[in-house]
Amino acid sequence: MLDILQADLLKLKRKWFWLLVFLGPFGVVSLQIVNYGVRYDWLIRQQPDVWLGLIQNINMFVAPALLLGMTILASQIANIEHQQSSWKQLLSLPVRRRDVFSSKFIIVFFMLLLSCALLFVGTIILGVYLHFGDDIPLLLIFKNSFYPLLAGIPILAIQLWLSITIQNQACSLSVGILGSVCSMYAYSAPDWFIWKWPLLQAGQGQEKFLLAGVLAGSVILLAGIIDFQRKDVK
């Protein structure tokens, strides 16, 4: 398994994947820099707790940005093998198919985890820059930065499954982009709608969606691995 992870990381060495990891949180924080630069007085009046107001404003963009990141990263890491027509060559080696699939999932997950860490740091820096005081709600910022990723594990598993098993990446990209758009309007959607889970509004069952995301994500990931083990590759 470790050898497969190292091989996959080597394939990414000269790709632009790491730039995307940085661009996601940078874009979300930059939008709030513009937002507060233009409407600072109005935003402060809307929410007396300035840190909570900042977290809520950032939260509106976290889910769509995260889902787009999942879509693009999953598609691109699978497309490396599709473009080089190397699936058959790869799977002819003494490696287990489940390890090949799991390796790509782990790499994408940890790249997104790094994006969440950058968002966590960026939120704190922005709040300090805006002179919101030293009473920084680290736990709330942590939840806003990392919980959406855990709640979105089912979506990541679906995107990777589609990207690996369907050579035409237009399919997985279309599903991912549509899901990202839907997530922006999913606040009133039923709780079973998995594209709602990464929204994680404060005080609205964060832990419930978090647990559902981890459990459902594990099931979908296992289903994807089983399907990949049975499928013929070209």
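As the structure is a computational prediction, the values presented were derived from the model and not from experiment.

Participant: Please provide a residue-by-residue account of helix α2 (residues 17-46), values included.
Facilitator: Over its 30 residues, α2 extends only 38 Å from the first C-alpha to the last, a length that falls short of the 44 Å expected when each residue adds 1.5 Å. Maximal helix bending in α2 amounts to about 95°, located at Arg39. Along α2, the residues classified as buried are Phe17, Leu20, Val21, Pro25, Val28, Val29, Gln32, Asn35, Tyr36 and Leu43. Elements that come into contact with the buried residues of α2 comprise α3 (50-84) and α5 (97-129).

Participant: Break down the side chain of Thr71 for me, citing the residues and quoting the values.
Facilitator: By secondary structure assignment, the location of Thr71 is in helix α3. Leave out the neighbours within four places in its chain, and Thr71 touches Gln159, Ser172, Leu173, Gly176 and Ile177.

Participant: Any details on the pattern of salt bridges? Residues and values, ideally.
Facilitator: Taken as a whole and assessed by the stated rule, the structure comprises three salt bridges. Across the salt bridge formed by Asp99 and Arg96, the nearest N and O atoms sit 3.0 Å from each other. By relative accessible area, Asp99 is classed as buried at 10%. Among the ionic pairs, Lys196 bridges to Asp191, the shortest N-O distance being 2.9 Å. With relative accessibility at 38%, the residue Asp191 sits in the partly exposed group. Shared partners join several salt bridges into a network, and the residues in it are Asp191, Lys196 and Lys208.

Cut-offs and rules
- Residues numbered from 1 in each chain as written.
- Predicted model: local features only at pLDDT ≥ 70, side-chain atom pairs only at ≥ 80, totals over all residues.
- Heavy atoms only, no water.
- Helix = DSSP H or I, 4+ residues; strand = E, 2+ residues; numbered from the N terminus.
- Expected span 1.5 Å × (residues − 1).
- Bend = angle between axes of the 7 residues up to and from the residue.
- Buried < 20%, exposed > 50% of the residue type's maximum accessible area, 1.4 Å probe, protein only.
- Contact = heavy atoms within 4.5 Å.
- Salt bridge = Lys/Arg side-chain N within 4 Å of Asp/Glu carboxyl O.

So, to be careful, I would describe these as geometric facts and stop short of saying anything about function.
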